[in-house]
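Analysis of the macromolecular model
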Amino acid sequence: MIHLKAFLLDALESATTGGRRYHLWMGGLTLVMLIGAYGYWVQLRDGLEVTGMDDHVSWGLYISNFAFLVGLAAAAMLVVLPAYVLKDVDFGRAVLLAEGVAVSALLMCLAFVVVDLGNPLASWHLIPFIGILNWPQSLLAWDVVVLNGYLLINLAIPAYLLYSHYVGRQPDKRKYVPWIYVAVLWAVSIHLVTAFLFAGLPARPFWHNALLGPRFLASAFAAGPAFMILLLWFIRSQTEYPIEEGIFSKLAMITAVAAQVNLVMLASEVFTEFYFPTHHMLSAQYLFFGLEGHSALVPWIWTAVTLNVAATLVLTIHPLRRNPRWLMGACLVLFVAIWVEKGMGLVIPGFIPSPLGEIVEYSVTWVELAVTAGIWAMGLFVLTVLVRVALPIELGRVRSPHLERVAGD
Amino acid sequence: MSESREMTFEDVLEYVGRRESEAKLEAVTTTPSPRRPEGSCGSGSCGCAGEAPPEPQGELLEKQVDRRQALGMLFGAAAVTTQAASACSPASLVAEEEREAKLLEWQEYFKGNFQRMTRDEKDATIGRLERLAQLRQGVEVAIDSTEALPGVVYGYAFNISKCTGFRNCVDACIKENNLDRRTAAQYIRIFEMEGGEVDLDHGDATFQHEVPAEGHFYMGTQCFQCANPPCVEVCPVSATWQEPDGITVVDYDWCIGCRYCIAACPYWARRFNWSEPHVPAEELNPNQHYLGNRARKDGVVEKCTYCIQRTRQGRLPACAEACPTGARVFGNLLDPNSEIRWVLENKQVFRLKEELHTEPRFWYFMD
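Treat the numbers as computed from the prediction; the structure is a model and nothing was measured.

With that out of the way, let us pick up the overall build of chain A. Secondary structure summary: chain A contains 15 helices and zero strands in total. Counting over 409 residues, chain A shows a buried share of 56%. Approximately 17,700 Å² of chain A is accessible, and the part contributed by carbon and sulfur atoms is 71%.

What follows is the structure in structure tokens.
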């Protein structure tokens, strides 16, 4: 217990001390969070009417971000997989960071779902036994289970590792390695379940296809490692935390392959929709070319496709991928491209045209933008704190003050 | 207060429960106090404090103080005194009503899913909701909870040859079901179709011209009360379900507002309250059903229930009754002598999107 108190105090100190740039960063994030909180307050006061959603497009920017971030949370585990399952020691250092990314992304996911609820005060109805969780019928109930389970696992493993290092103990592999295997499988499941949430709806032909799940995975396994590359690069350039060169080439390889697979699937989807156009391809037509004069998403999707192809090309050409500057640029571009493609390009066209053939377009409002920015700021804030706490412990700089006494006894 | 301290928690609960049934009785036997216009009498310094309240209100007041005491005990608020019992100014009455409403709302928050309530729990929540309608909107409503009638499954048939697009059904539906007037929500949509093809994609539900238009026909949509409803399957909290008479209903107080059911419905039949719904008191239909046209709130889903508050009393849905052309046929599918059965047996009928296997209980036919 004495260690735990010191651990928490040291963690607090690590998170709250830093240079001017650190405080500026955290202050900026706090400001954005406050703007988001104001937006959410307006939404609570006036109802979801203040968003761009309506009975036609009944999910918008919030659920789009949710779908994307589930992928990010799942993909962080790709870094863990080689480290433990394939026993590739290079990755060991990055595991804690990957789990930090998973935790932050999951918190953002849960936040995006909560802000999307019309009656958030009733969310206790989801708790089994106290309320009613309609499991296994509802895929949303599945999502509640797998996301919260994944969050718990990803909180528990790093907490155990960090705490063990903090108190100068070697973590017991029998205690945590089995959970890492569970987490890796679970990572795949959270993303498949989220895809099935959409794919299980025959009412929406745009989502109702067997490729949706695999495509979710492929795009996530491209965007996730791309984000990890950027994060690890930043940490390596800003701190003394040793991250081996090899990790970048391996992650870049994973990103490149996943991005290629994602493009193949995109091509396959486009072919099926457009080779012999049917009634069911109207959403795709709306997305890529516009429908009856409505074309709000067309510039978005073509930007996303262009960026996606460009980034995949850079990642595919060996000399370019091995050049850090090109690699970082490609990762950033790919991340943004997949965010647009998965966000605006997946959720919204599913609602257009409506099941009765009506076309009502969607455009975001300032409230949605503010709340979305606020949640992203919250995620980055949490990630920064987690990294800030983890690094000194992993570098051996922060250790329990009670250690020496124990050792001296 | 010393006496009240000796009461156990269970005593308090029982006490509150008893008050509740009395309050319900009261709602039936006494005239409700009219809603006070804001700002005119709320401050207590308006000069009418000397007026003696009429007899029923006096009784009301006493009971409300009891209720408030119970609230105080529940929350452990030691500051509750009985002084207010002697106060008779309208201002304190307003404050009392505010407290009563708050308590009722607090109790409403913790209630369960209607489908799993006992008869007593159903009666209790209905009593609270009726009282809240008095306190908050100043309206007298009667909320029914009649269960599905045995041997009844409702079905609907729509005669495309007869509908002329008057939309009397839409208006009747809005009034009957207390639909939000501010956003002009509608359960029924009438599509104006070009003659020759039954493809809703080429229909127009927003027509504003004289009807029937030359060369067009009209097709109404609403919730088809599918026998295999995808919307029910997806609800994460079981806030929507199919009743034994085939009507798919929503427990508005159990819905969390995730809108998954809206995404799942192939017929675009569900509506969401994007803001606090509003119906002027004078236009409110006071004959309500818990699973039907009672007041909805901001952030929850609602839908057509074949006018459950009417049909379970043996009446026609408002849309069928309002139709001037006889295009709408409603009845019991299990009754071999019903008109709906006659239509199904003697006309060529079809349903929308049969390939989805949702099995709508809503058929289209032509003469």
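Another point: the sheet that holds strand 12 (residues 362-365) of chain B. Residues and elements named next belong to chain B. The four strands lie next to each other as 10-2-12-11, forming an open sheet whose pairing is mixed. Strand pairing shows two members of the sheet lacking a second neighbour, strand 10 (328-332) and strand 11 (349-350), which therefore form its edges. Here four bridges tie strand 2 (residues 154-159) to strand 12, and the two strands are oriented parallel to one another. The residue of strand 12 that forms the bridge with alanine 157 is tryptophan 363. The strands touched by helix 11 (residues 339-346) are strand 2, strand 10, strand 11 and strand 12; relative to strand 10, the strand with the most contacts, the crossing angle is about 110°.

So, on to the packing of aromatic side chains. For the coordinates displayed, the defined rule picks out 43 aromatic pairs over all chains. Between the aromatic rings of phenylalanine 224 of chain B and tyrosine 267 of chain B, the centroid separation amounts to 4.8 Å while the plane-to-plane angle is 55°, which identifies the pairing as tilted. Of this pair, phenylalanine 224 of chain B sits in the loop between strand 4 (216-221) and helix 7 (230-234) while tyrosine 267 of chain B sits in the loop between helix 8 (260-264) and strand 7 (270-272), and the two are 43 residues apart along the sequence. Through a chain of ring-to-ring contacts, the aromatic side chains of Tyr154, Tyr156, Phe158, Phe224, Tyr267, Tyr306, Phe330, Phe350, Phe362 and Tyr364 of chain B assemble into a single cluster. The cationic tip of arginine 388 of chain A hangs over the ring face of tyrosine 22 of chain A; the distance from NZ or CZ to the ring centre is 3.9 Å. The side chain of arginine 294 of chain B reaches across the aromatic face of tyrosine 290 of chain B, ending 3.9 Å from its centre.

Right, let's talk about the interface of chain A and chain B for a bit. In this assembly, 45 residues from chain A lie in contact with 45 residues from chain B. Both faces combined, the contact of chain A with chain B buries some 3,800 Å², and carbon together with sulfur accounts for 57% of it. Together, Asp55, Ile132 and Leu356 of chain A form the three largest contributors to the area buried by chain A at its contact with chain B, with a combined 21%. Where chain A touches chain B, the interface holds three salt bridges. Residue glutamate 358 of chain A pairs with arginine 189 of chain B through a salt bridge whose shortest N-O separation is 2.1 Å. Linking chain A to chain B there are 27 residue pairs in polar contact (both at pLDDT 80 or more). Element by element, the count of residues in the side of chain A that touches chain B is highest for helix 6 (residues 139-166) of chain A, at three residues. Split by residue class, the side of chain A that touches chain B holds 24 nonpolar, 14 polar and seven charged.

Residues and elements named next belong to chain B. Applying the stated criterion to the full structure yields 33 salt bridges over all chains. Across the salt bridge formed by glutamate 98 and lysine 102, the nearest N and O atoms sit 3.0 Å from each other. Here glutamate 98 and its partner lysine 102 are both found in helix 4 (residues 90-109), four residues apart, which amounts to about one turn of the helix. With its nearest N and O atoms 3.1 Å apart, the salt bridge here joins aspartate 253 to arginine 294. You can see aspartate 253 sitting in the loop between strand 6 (248-250) and helix 8 and its partner arginine 294 sitting in the loop between strand 8 (287-289) and strand 9 (301-303), a full 41 residues away along the chain.

Moving on: a nonpolar patch on the surface. A cluster of nonpolar side chains, contributed by Leu121 of chain A together with Trp106, Tyr109 and Phe110 of chain B, occupies part of the molecular surface with about 440 Å² of accessible area. Looking at the element boundaries, phenylalanine 110 of chain B is found in the loop between helix 4 and helix 5 (119-137).

Our next topic: helix 2 (residues 20-46) of chain A. Residue and element names in this part refer to chain A. Relative to the 39 Å expected for 27 residues at 1.5 Å per residue, helix 2 spans 39 Å between its end C-alpha atoms, a close match to the ideal helical length. Every buried residue belonging to helix 2 is among Tyr22, Met26, Leu29, Gly36, Gly39, Tyr40, Val42 and Gln43, and all of these are buried. In the segment just after helix 2, glycine 47 is the residue with positive phi, at about 90°.

Once that is clear, we can look at the side chain of arginine 321 of chain A. Residue and element names in this part refer to chain A. If you trace the backbone, arginine 321 turns up in helix 12 (residues 318-322). Here arginine 321 is buried and forms no salt bridge, its nearest opposite-charge partner glutamate 245 lying at an N-O distance of 11 Å. A distance of 2.8 Å separates the side chain of arginine 321 from the backbone oxygen of leucine 315, its partner in a polar contact. Within polar-contact distance, the side chain of arginine 321 engages the side chain of histidine 318 at 2.9 Å. Residues within four places of arginine 321 in sequence aside, it is in contact with Ala252, Met253, Val314, Leu315, Thr316 and Leu327.

Below, the discussion takes up the pairing of strand 10 of chain B. All names here are of chain B. Among the five residues that make up strand 10, five are buried, leaving the element largely enclosed by the rest of the structure. Both strand 2 and strand 10 contribute to a ladder of five bridges, which runs antiparallel. Across the sheet, residue glycine 155 finds its bridge partner in strand 10, namely glycine 331.

Reading guide: rules and limits
Residues numbered from 1 in each chain as written. Chains lettered and ligands numbered in written order. Predicted model: local features only at pLDDT ≥ 70, side-chain atom pairs only at ≥ 80, totals over all residues. Heavy atoms only, no water. Helix = DSSP H or I, 4+ residues; strand = E, 2+ residues; numbered from the N terminus. Buried < 20%, exposed > 50% of the residue type's maximum accessible area, 1.4 Å probe, protein only. Areas by Shrake-Rupley, 256 points an atom, 1.4 Å probe, with all protein chains shown as cover. Pairing = 2+ DSSP bridges. Contact = heavy atoms within 4.5 Å. Axes fitted to C-alpha atoms, helices over the stretch in contact; angles between N-to-C directions. Phe/Tyr/Trp six-rings, centres within 6.5 Å; stacked < 30°, edge-to-face > 60°. Lys NZ or Arg CZ within 6 Å of the ring centre and 35° of its normal. Buried area = accessible area lost by both parts, 1.4 Å probe. Salt bridge = Lys/Arg side-chain N within 4 Å of Asp/Glu carboxyl O. Polar contact = N/O pair within 3.5 Å; in protein donor to acceptor, adjacent residues only side chain to side chain. Nonpolar A, V, L, I, M, F, W, Y, C, P; charged D, E, K, R; others polar. Patch = residues over 30% accessible without salt bridge, like charges linked within 9 Å, V, L, I, M, F, W, Y side chains within 5 Å. Expected span 1.5 Å × (residues − 1). Lys, Arg positive; Asp, Glu negative; His and termini not counted.

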